[in-house]
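Listed below are the residues making up each chain.
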Amino acid sequence: MDVGELLNYQVLIFTPRSPCYHSEQSFKLAAYREEDAEVEPVDESSVKKMILTFEKRSYKNQELRIKFPDNPEKFMEAELDLNDILQEMHVIATMPDLYHLLVELNAIHSLLGLLSHENSDILYYSELTDIDTLHESEEGAEVLIDALVSGQIVALLVQNMERLDEQVKEEADGVHNTLSIIENIAEFKPGLCAEAAQQGLMQWLLKRLKAKLPFDSNKLYCSEILAILLQNNDVNRELLGELDGIDVLLQQLSVFKRHNPATPEEQEMMENLFDALCSCLMLGANRDRFLRGEGLQLMNLMLREKKMSRASALKVLDHAMIGQEGSDNCHKFVDILGLRTIFPLFMKTPKRMKKVGISDKEHEEHVCSVIASMLRNLKAQQRTRLLNKFTENDCEKVDRLLELHFKYLEAVQLADKRIEGEKHDMVRRGEILDDGMEDEFYIRRLDAGLFVLQQLCYIIVEISSAGIPQLHQRVHQILNMRGGSTKVVRHILREYAENIGVDKTEDFKENERRRIMELLENF
């Protein structure tokens, strides 16, 4: 086997800074060893032997490197011995049921120690944590992942990435493989995401995102990992906020206010960053950071510019303004003339939305939610300005509001008919309808358009009860003309009040229910 064949055969070794790896002699020696190696059957006994050999060679290599730091010739043999056993150990990565041996024989400490070695073989960890392999033996995999995380693997991986120069292809590949290890760990055990972020990962991801480097697959991967870390995780959302991550996200997204992403990969990164921002805005403290960082102004610009970023900017706006924590953002949005931006989107759903994968329903849901949030939160002058919008041009916005109401009412009634048919069939078969089934049916109704319908009914009731006769008369006039009913509107809002989000506090739920009931009395 010549040197070229050997290089093709061996797994990627990155940061190849040790002189012994640049020596033709060492490559030939490794090649001869490969040819002479006898293939042994792999079982528990041979794996134990392999691990113990690895431990001995790792210790010897470390000892010689300390003793002769400036004389690579002295530890070249030990380096090759260590490399040989590491190559053999790749077979363990395909046997998750034997992962426990790595932990029981204390090999994890030595393996983690190799992450700071100049010739760290990062692909070995990537294979060990391959998500499909981990699921083959979840018990063995869990033992391994817990041991790796306890040994601060993420902190060590981050330190490793810090010393890599991504201008060098091999080292850029090393970063990519490192991120795949982190993704595998996060996917296998989502509960470890907070710990991973705390071990320096969040800081590194933000630093890498704002680095002045051309867009590449590593930047895309960073945006992906960041979105994963923030999913359903308030600890990480808070950490990102404290690290000025909201500003980083806004800076990175500002590029797309006047320019579309150049490639599908760059578009994917943009969507990941928008998802990360939406996730962060679930936390009240980040709404303030978003406001101070002029996030509303950026989203407002994106909505006006009509680029690919428009659909996601609308989604961010919805997350920023919803609930009590969105009050300051609602007031600021009116102050920056946001009503001039949002109402044209309410009056007509842009055709271009479909081109970027956003359905009419998603667009109308976010627009209606933004208007409903403003009606809930605005006070004084800003509230008056919002209500006046509905009286403009002979109440055209009320006409549009009722048009959407009947559109979604019909969609929900169709879904209700299908569900009633399924319930009837279940009763006929003697099946019991449990709470889980009822929840599933309710989710299906929401998907069919019930949530949008609830928002529309809320807006109808709010503007009808605002003390503006013109609005009240127009709403009732159209309802009567189209064969609609105030009873239907009341029923939909009562159902909404009974099902206010499980993630809300009891006080919030009670206050919101009381508020809706008071509005219904005046309707």
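This one's a predicted model, so the numbers in the text were calculated from it and none came from an experiment.

A.B. asks: How do you make sense of the overall build of the protein chain when you look at a structure like this?
C.D. replies: Summing up its helical and strand segments, the protein chain has 28 helices and zero strands in all. For the protein chain, the proportion of its 523 residues judged to be buried stands at 51%. Put simply, of all contacts in the protein chain between residues at least 6 apart along the chain, 78% involve residues at least 24 apart. About 25,300 Å² of surface is accessible on the protein chain, with carbon and sulfur atoms providing 49% of the total.

A.B. asks: Even after reading the chapter, I still don't get the pattern of salt bridges, so can you show me in this structure?
C.D. replies: Two side chains with opposite charge may pair up if their charged atoms get near one another. This model, assessed by the stated rule, comprises 32 salt bridges. Residue Glu 422 pairs with Arg 444 through a salt bridge whose shortest N-O separation is 2.6 Å. Of this pair, Glu 422 sits in helix 24 (residues 380-428) while Arg 444 is found in helix 25 (residues 435-464), placing the two residues 22 residues apart along the sequence. Judged by its relative accessible area of 32%, Glu 422 is partly exposed. Within the structure, one salt-bridge network assembled from shared partners comprises Glu 364, Arg 400, Glu 403 and Lys 407.

A.B. asks: Where do I start with the confidence of the model for the protein chain in this structure?
C.D. replies: Close reading of the predicted structure is inappropriate where its pLDDT is low. Mean pLDDT for the protein chain: 86, with 88% of residues reaching 70 or above. Contacts from residues 1-37, a stretch scored under 50 in pLDDT, to residues over four places away or in other chains number 73 contacts.

A.B. asks: Honestly, helix 25 in this entry has me stumped. Any pointers?
C.D. replies: Owing to its 3.6 residues per turn, the α-helix aligns residues three or four sequence positions apart on the same side. Between the first and last C-alpha of helix 25 there are merely 36 Å, a value that for 30 residues lags more than 12% behind the 44 Å anticipated at 1.5 Å per step. Taking the largest bend as the criterion, helix 25 deviates by roughly 75°, centred on Asp 447.

A.B. asks: Would you mind showing me how to read the packing of helix 12 (residues 193-210) against helix 15 (residues 245-254) here?
C.D. replies: How two helices sit against one another is set out by the angle between their axes and by the gap between those axes. Where helix 12 contacts helix 15, the two axes come as close as 10 Å, and the packing angle between them is 25°. Here helix 12 is positioned roughly parallel relative to helix 15, judged by the angle of their axes. Note on packing geometry: the crossing formed by helix 12 with helix 15 is left-handed. Side by side, helix 12 and helix 15 meet where Leu 206, Leu 209 and Lys 210 of the first sit next to Gly 245, Val 248 and Gln 252 of the second. Across the contact of helix 12 with helix 15, the residue classes tally to three nonpolar, two polar and one charged.

A.B. asks: For this particular structure, what's the right way to read the packing of aromatic side chains?
C.D. replies: How two aromatic rings sit relative to each other is given by the distance of their centres and the angle of their planes. If you walk through the whole model with that rule in mind, you get two aromatic pairs. Between Phe 343 and Phe 346 the ring centres are 6.0 Å apart and the planes differ by 85°, which places this aromatic pair in the edge-to-face class. Highlighted residues: Phe 343 and Phe 346, both in helix 21 (residues 339-347), separated by three residues, approximately one helical turn. We note that Phe 343, like Phe 346, is buried. Ring centres of Phe 343 and Phe 390 lie 5.4 Å apart, and the angle between their planes is 90°; on these two criteria the pair is classed as edge-to-face. Of this pair, Phe 343 sits in helix 21 while Phe 390 sits in helix 24, placing them 47 residues apart in sequence. Accessibility expressed as a relative area gives 0% for Phe 390, which makes it buried.

A.B. asks: What exactly am I supposed to notice about the nonpolar core here?
C.D. replies: Soluble globular proteins tend to bury their nonpolar side chains together. Of all hydrophobic cores here, the largest spans 140 residues; its most connected members are Leu 226, Leu 277, Phe 290, Met 299, Ile 342, Met 374 and Ile 463. The greatest single-element share of this core, amounting to twelve residues, is contributed by helix 24. Residue contacts for Leu 277: discarding those within four places in its chain leaves Ile 246, Leu 249, Leu 250, Leu 253, Phe 290, Met 299 and Val 316.

A.B. asks: What am I meant to see in the packing of helix 19 (residues 310-321) against helix 20 (residues 327-335) here?
C.D. replies: At a minimum axis separation of 7 Å, helix 19 and helix 20 run at an interaxial angle of 125°. For the element pair helix 19 / helix 20, the angle class is oblique. Facing helix 19, whose interface residues are Leu 317, Ala 320 and Met 321, helix 20 presents Asn 329, Cys 330 and Phe 333.

A.B. asks: How should I be thinking about the environment of Leu 156 in this particular structure?
C.D. replies: In this fold, Leu 156 is placed in helix 10 (residues 153-162). Taking the C-alpha atoms as reference points, Leu 156 and Gln 199, separated by 43 residues in sequence, lie 8.7 Å from one another. Apart from the residues within four sequence positions on either side, Leu 156 is in contact with Leu 112, Leu 115 and Gly 151.

A.B. asks: Is there a simple way to think about the side chain of Glu 462 in this case?
C.D. replies: Here Glu 462 shows up in helix 25. Accessibility expressed as a relative area gives 2% for Glu 462, which makes it buried. Within the structure, the side chain of Glu 462 is placed 3.0 Å from the side chain of Arg 383, a separation counted as a polar contact. The contacts of Glu 462, once residues within four sequence positions are left out, are Leu 375, Arg 376, Arg 383, Arg 515 and Leu 519.

Cut-offs applied
Residues numbered from 1 in each chain as written. Predicted model: local features only at pLDDT ≥ 70, side-chain atom pairs only at ≥ 80, totals over all residues. Heavy atoms only, no water. Helix = DSSP H or I, 4+ residues; strand = E, 2+ residues; numbered from the N terminus. Buried < 20%, exposed > 50% of the residue type's maximum accessible area, 1.4 Å probe, protein only. Contact = heavy atoms within 4.5 Å. Areas by Shrake-Rupley, 256 points an atom, 1.4 Å probe, with all protein chains shown as cover. Salt bridge = Lys/Arg side-chain N within 4 Å of Asp/Glu carboxyl O. pLDDT = per-residue confidence, 0-100. Expected span 1.5 Å × (residues − 1). Bend = angle between axes of the 7 residues up to and from the residue. Axes fitted to C-alpha atoms, helices over the stretch in contact; angles between N-to-C directions. Parallel < 35°, antiparallel > 145°, perpendicular 65-115°, else oblique. Left-handed = near helix turned anticlockwise from the far one by under 90°. Nonpolar A, V, L, I, M, F, W, Y, C, P; charged D, E, K, R; others polar. Phe/Tyr/Trp six-rings, centres within 6.5 Å; stacked < 30°, edge-to-face > 60°. Core = buried A, V, L, I, M, F, W, Y, C linked by side-chain atoms within 4.5 Å. Polar contact = N/O pair within 3.5 Å; in protein donor to acceptor, adjacent residues only side chain to side chain.

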